[in-house]
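# Close look at the chain arrangement
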Amino acid sequence: MVEVRIEFDDDEQYERLKELKTHRGLTWKGLLLEGEKKVREDTPE
């Protein structure tokens, strides 16, 4: 298993992402994967 450590710029950034994660019912991994999906959708090949 690989572990990833994320450093946030400040508490506000952390809280904003934590709130989004909780609201969507995701884990940190799930939030990261959803972000990846969105970036791939928005980026032309």
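Figured I'd write up the structure that's included with this text. The structure presented is a predicted model; accordingly, all values stated were derived computationally and were not measured.

Okay, the packing of aromatic side chains next. According to the stated counting rule, one finds three aromatic pairs in the structure shown. Between Phe8 and Tyr14, the ring centres sit 5.3 Å apart and the planes meet at 70°, which makes this aromatic pair edge-to-face. According to the relative accessible area criterion, Phe8 is partly exposed, its value standing at 28%. The class of Tyr14 is partly exposed, set by a relative accessible area of 30%. For the pair Phe8 and Trp28, a centre-to-centre distance of 6.0 Å together with 50° between the ring planes defines the contact as tilted. Taken together, the residues Phe8 in the segment before helix 1 (11-24) and Trp28 in helix 2 (residues 28-42) connect sequence positions 20 residues apart. The partly exposed category is assigned to Trp28, whose relative accessible area is 34%. An aromatic cluster of three or more residues is present, and its members are Phe8, Tyr14 and Trp28.

Moving on: a negative patch on the surface. A cluster of acidic side chains, namely Asp9, Asp10, Asp11 and Glu12, defines a negative patch on the protein surface. By the secondary structure assignment, Asp9 is in the segment before helix 1.

Okay, the packing of helix 1 against helix 2 next. Look at helix 1 against helix 2: their axes get within 10 Å of each other, and the N-to-C directions meet at 95°. For the element pair helix 1 / helix 2, the angle class is roughly perpendicular. For the pair formed by helix 1 and helix 2, the contact residues are Tyr14, Leu17, Lys18, Leu20, Lys21 and Arg24 on the first element and Trp28, Leu31 and Glu34 on the second.

Thresholds applied
Residues numbered from 1 in each chain as written. Predicted model: local features only at pLDDT ≥ 70, side-chain atom pairs only at ≥ 80, totals over all residues. Heavy atoms only, no water. Phe/Tyr/Trp six-rings, centres within 6.5 Å; stacked < 30°, edge-to-face > 60°. Buried < 20%, exposed > 50% of the residue type's maximum accessible area, 1.4 Å probe, protein only. Helix = DSSP H or I, 4+ residues; strand = E, 2+ residues; numbered from the N terminus. Patch = residues over 30% accessible without salt bridge, like charges linked within 9 Å, V, L, I, M, F, W, Y side chains within 5 Å. Areas by Shrake-Rupley, 256 points an atom, 1.4 Å probe, with all protein chains shown as cover. Salt bridge = Lys/Arg side-chain N within 4 Å of Asp/Glu carboxyl O. Lys, Arg positive; Asp, Glu negative; His and termini not counted. Charge placed at Lys NZ, Arg CZ, Asp CG, Glu CD. Axes fitted to C-alpha atoms, helices over the stretch in contact; angles between N-to-C directions. Parallel < 35°, antiparallel > 145°, perpendicular 65-115°, else oblique. Contact = heavy atoms within 4.5 Å.

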